[in-house]
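Now for the letters of each chain:
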Amino acid sequence: MCGDSTDVGNLVVTTGTGKHVQEATSHLLYHVFHGVCDTLIASEAQLNTLDTQSGDGDCGSTLKAGAQAILQHLGTESAPGLPLIQPESLLLSVAAIVEQSMGGSSGALYSLFLTAAAKELSSDVSPHAWMSALQSGISAITRYGGAEPGDRTMLDSLHAALQCLQQHLGKMEPLEALEMAVKHAQDMAQKTAQMKAKAGRASYVSTEHQTQPDPGAYAVGVWLGAVYQAIKTNT
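Residues numbered from 1 in each chain as written. Predicted model: local features only at pLDDT ≥ 70, side-chain atom pairs only at ≥ 80, totals over all residues. Heavy atoms only, no water.

Enquirer: What am I meant to see in the overall build of the protein chain here?
Expert: A count of helices and strands for the protein chain gives nine helices and zero strands. Reading the secondary structure of the protein chain in the N-to-C direction produces α-α-α-α-α-α-α-α-α. Expressed as a percentage of the 235 residues in the protein chain, the buried residues total 49%. A separation threshold of at least 6 residues defines the contact pool for the protein chain, and within that pool the share at least 24 residues apart is 71%. Summing over all exposed atoms, the protein chain offers an accessible surface of approximately 11,000 Å²; the carbon and sulfur share of this is 52%. (Helix = DSSP H or I, 4+ residues; strand = E, 2+ residues; numbered from the N terminus. Buried < 20%, exposed > 50% of the residue type's maximum accessible area, 1.4 Å probe, protein only. Contact = heavy atoms within 4.5 Å. Areas by Shrake-Rupley, 256 points an atom, 1.4 Å probe, with all protein chains shown as cover.)

So this is what it looks like as structure tokens:
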């Protein structure tokens, strides 16, 4: 169900001991999170439409609620309300925010994803550490969400991006590898239209009624694309 407008309260983690990034990187993270949130808010109607075939028709509204809550805490670039200087604490803070603001299975899964990802950034914030964070987040969703790649869920897009990064990161510039990973994720999201759902609410819906991409997988392509655009624009 869609998250409501309940005040998410003081959910910002300020006691973490994770590795800090340079000030320029913290500003970049501000633009990344702002861009992701803006893009998800703008995609509400499209994601809701995709969700009408296999869910409650509120995927976009749920993600919008999470995005609005993040923006509420993000503050301004000069006076951020989230610990942008410390990625581990940043992801833990966002995990708490989305769990409370989004609610339901989507909020729980994204919270698990972000919490697991944060652990990989405690002592390293290199591009490879962020790739490891993605891998840990995927493993958490797989472990606790009961789905695997190929089950027509958000995991399909996430796994496609990870495989691409594992193959290309280190062999080219990180931004180029990310661009390829985004394309792979978005292509896989489109392919979910031909997959049989094996997890979640969609698994109870007749296959002939599932002719559009899975909304969760599509949403991953949306926010990954926003991450890439923000980095490209601000570096």
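Enquirer: What is the right way to look at the layout of surface pockets in this model?
Expert: By rolling a water-sized probe across the atoms, one finds the places where empty space is left. Each pocket or cavity is described by its volume, and for the largest pocket that value is around 1,200 Å³. Among the secondary structure elements, those contributing two or more residues to the lining of the largest pocket are helix H1 (23–42), helix H3 (59–74), helix H4 (87–102), helix H5 (104–119), helix H6 (127–145), helix H7 (154–168), helix H8 (174–191) and helix H9 (215–234). Of the residues forming the lining of the largest pocket, the biggest block, eight residues, is contributed by H1. (1 Å grid on protein atoms, 1.4 Å probe; cavity = no way out; pocket = protein on both sides within 12 Å on 5 of 7 lines; lining within 4 Å. Points joined across faces, edges and corners; volume = space filled by probe spheres on them.)

Enquirer: I'm lost on unusual backbone geometry in this one. Help?
Expert: One can expect most non-glycine residues to show negative phi and most peptide bonds to be in trans. A positive phi is found at Arg-152, a non-glycine position, where the angle reads about 65°. Taking the relative accessible area as the measure of exposure, Arg-152 reaches 2% and is therefore buried.

Enquirer: Is there a simple way to think about the pattern of salt bridges in this case?
Expert: For the structure on display, the rule yields two salt bridges. Salt-bridge contacts for Lys-64 lead to Glu-44; the nearest nitrogen and oxygen are separated by 3.1 Å. On the criterion of sequence distance, the pair formed by Lys-64 in helix H3 and Glu-44 in helix H2 (residues 44–51) is long-range, its members being 20 residues apart. In this structure, Asp-187 and Lys-183 form a salt bridge, with 2.9 Å as the shortest nitrogen-oxygen distance. Residue Asp-187 and its partner Lys-183 are located together in helix H8, separated by four residues, close to a single helical turn. Take Asp-187: its relative accessible area is 35%, and that puts it in the partly exposed class. (Salt bridge = Lys/Arg side-chain N within 4 Å of Asp/Glu carboxyl O.)

Enquirer: Please explain the environment of Gly-216 as it appears in this structure.
Expert: Mapped onto the elements, Gly-216 comes out in helix H9. In sequence terms Gly-216 and Ser-157 are 59 residues apart; their C-alpha atoms lie 8.7 Å from each other. Those residues in contact with Gly-216 that lie beyond four places of it in its chain are Cys-59 and Met-154.

Enquirer: What should I look at first to understand the nonpolar core in this one?
Expert: Generally speaking, a soluble globular protein has its nonpolar side chains buried in company with each other. Ranked by size, the top nonpolar core spans 63 residues in total, and within it Leu-158 and Trp-223 carry the most contacts. It is H9 that contributes the most residues to this core, ten residues altogether. Ignoring sequence-local partners within four residues, the contact set of Leu-158 consists of Phe-113, Leu-134, Ile-138, Ile-141, Val-220 and Trp-223. (Core = buried A, V, L, I, M, F, W, Y, C linked by side-chain atoms within 4.5 Å.)

Enquirer: Before we go on, may I ask you to explain the packing of aromatic side chains in this structure?
Expert: Note on aromatic pairs: each is described by the distance of the centres and the angle between the planes. Per the stated rule, a full pass over the model turns up two aromatic pairs. Ring geometry for Tyr-110 against Trp-223: centres 6.5 Å apart, planes inclined by 65°, an arrangement best described as edge-to-face. With Tyr-110 in helix H5 and Trp-223 in helix H9, the pair connects residues that are 113 residues apart, well separated along the chain. For the pair formed by Tyr-110 and Trp-223, the shared burial category is buried. Grouping aromatic residues by their ring pairs yields a cluster made of Tyr-110, Phe-113 and Trp-223. (Phe/Tyr/Trp six-rings, centres within 6.5 Å; stacked < 30°, edge-to-face > 60°.)

Enquirer: I'm lost on the side chain of Ser-101 in this one. Help?
Expert: Checked against the element boundaries, Ser-101 lands in helix H4. Among the residues examined, Ser-101 registers a relative accessible area of 3% and is labelled buried. At a separation of 2.7 Å, a polar atom in the side chain of Ser-101 contacts the main-chain carbonyl oxygen of Ile-97. (Polar contact = N/O pair within 3.5 Å; in protein donor to acceptor, adjacent residues only side chain to side chain.)

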